[in-house]
Amino acid sequence: VQGNPPARILGTSQETSTDLAAFANTVLVRYLDCNDAYAARGTGHPSDMIPGVLAAADGHRMDGRALITAITAAYEVFCRLADEVPLKGWDQGMFAAIGATCGAGIILGLDRKAMGNAISIAITTGIPLGVTRVGELSMWKGCATAAAVRTGVFATELASEGMTGPV
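Residues numbered from 1 in each chain as written. Predicted model: local features only at pLDDT ≥ 70, side-chain atom pairs only at ≥ 80, totals over all residues. Heavy atoms only, no water.

Notes on helix α2 (residues 50-59)
Thinking step 1. Counting buried positions along α2 gives eight out of ten residues, so the element sits mostly inside the fold.
Thinking step 2. For α2, the complete set of buried residues consists of Pro51, Gly52, Val53, Ala55, Ala56, Ala57, Asp58 and Gly59.
Thinking step 3. Contacts made by the buried residues of α2 are with β1 (6-8), α1 (18-30), α3 (64-84), α4 (93-108) and α6 (144-160). (Buried < 20%, exposed > 50% of the residue type's maximum accessible area, 1.4 Å probe, protein only. Helix = DSSP H or I, 4+ residues; strand = E, 2+ residues; numbered from the N terminus. Contact = heavy atoms within 4.5 Å.)

Topic: the packing of α2 against α3
Thinking step 1. It is the contact of α2 with α3, at a shortest axis distance of 10 Å, that shows an interaxial angle of 145 degrees. Both α2 and α3 take part in a crossing whose hand is right-handed. Judged by residue contacts, Ile50, Val53, Leu54 and Ala57 of α2 engage Leu67, Ala70, Ile71, Ala74 and Tyr75 from α3.
Thinking step 2. The residue inventory of the contact of α2 with α3, partitioned by class, reads nine nonpolar, no polar and no charged. (Axes fitted to C-alpha atoms, helices over the stretch in contact; angles between N-to-C directions. Left-handed = near helix turned anticlockwise from the far one by under 90°. Nonpolar A, V, L, I, M, F, W, Y, C, P; charged D, E, K, R; others polar.)

Brief notes about the packing of aromatic side chains
Thinking step 1. Taken as a whole and judged by the stated rule, the model has one aromatic pair.
Thinking step 2. Measuring from centroid to centroid gives 5.6 Å for Phe78 and Phe95, while their planes differ by 80 degrees, and the two rings are edge-to-face. Of this pair, Phe78 sits in helix α3 while Phe95 sits in helix α4, placing them 17 residues apart in sequence.
Thinking step 3. The side chain of Arg150 reaches across the aromatic face of Phe154, ending 4.8 Å from its centre. (Phe/Tyr/Trp six-rings, centres within 6.5 Å; stacked < 30°, edge-to-face > 60°. Lys NZ or Arg CZ within 6 Å of the ring centre and 35° of its normal.)

Focus on the nonpolar core
Thinking step 1. Membership of the largest hydrophobic core comes to 28 residues, with the highest contact counts inside it found for Met49, Val53, Phe78, Phe95 and Ile107.
Thinking step 2. Listed by contribution, the elements that provide at least two residues to this core are α1, α2, α3, α4 and α6.
Thinking step 3. Ranked by residue count, the leading element in this core is α3, at eight residues.
Thinking step 4. Leaving out residues up to four positions away in the same chain, Met49 has contacts with Ala74, Tyr75, Phe78, Phe95, Ala96, Gly99, Ala100 and Val149. (Core = buried A, V, L, I, M, F, W, Y, C linked by side-chain atoms within 4.5 Å.)

Brief notes about the packing of α2 against α4
Thinking step 1. Following both chains from N to C, one finds α2 and α4 inclined at 20 degrees, their axes separated by 9 Å at the closest point. Taken together, the axis directions place α2 and α4 in an arrangement best described as roughly parallel. Between α2 and α4 lies a crossing whose hand is right-handed. Where α2 abuts α4, its residues Val53, Ala56 and Ala57 lie against Ala100, Gly103, Ala104 and Ile107.
Thinking step 2. Residues that form the contact of α2 with α4 fall into these classes: six nonpolar, one polar and no charged. (Parallel < 35°, antiparallel > 145°, perpendicular 65-115°, else oblique.)

Some points on the pattern of salt bridges
Thinking step 1. Under the counting rule described, the total for this entry stands at seven salt bridges.
Thinking step 2. Between Asp83 and Arg80 there is a salt bridge whose closest N-O contact spans 3.1 Å. Taken together, the residues span about one helical turn, with Asp83 and Arg80 both in helix α3 at a distance of three residues.
Thinking step 3. Exposure remark for Asp83: the relative accessible area of 26% places this residue in the partly exposed category.
Thinking step 4. For Arg80, a relative accessible area of 41% puts it in the partly exposed group.
Thinking step 5. A salt bridge links Arg133 to Asp91; its shortest N-O distance comes to 2.3 Å. Of this pair, Arg133 sits in the loop between α5 (112-125) and α6 while Asp91 sits in the loop between α3 and α4; the two residues are 42 residues apart in sequence, bridging distant segments of the chain.
Thinking step 6. By relative accessible area, which is 25% here, Arg133 ends up partly exposed. (Salt bridge = Lys/Arg side-chain N within 4 Å of Asp/Glu carboxyl O.)

In structure tokens:
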């Protein structure tokens, strides 16, 4: 898939849309489970959001300072949600989708209203279920958070173009 703007897939010369680069890059980073962990009421791996925010920053040609600021914001959102919200049936991708949306929203310069719409779109369109990590694990386990991060980046792009989400 070609993107406008394009974003790169890590370790290759290939470019695609920012949301699909977010998915592919998150799978590449996440698949072997060699990432951080945040243990709270709801636990998870906030580093899963980094490749999504990186794809948004790459596609929109942002500098390192903007990228670090956006990653920091994504972490703050993820960790504060994990501190307060037990996952009870949901997957940690719920936190990652919202955090990645906020990080990408900072990259795209969303105002408060557009950020709210982006979060609303992200949270209502594809949050993974906890069954992803129960019983015999499928290959999808390594991709579930990547799909949530992709949803966050895509929702941010939609909101930046004026798409509204549910109140």
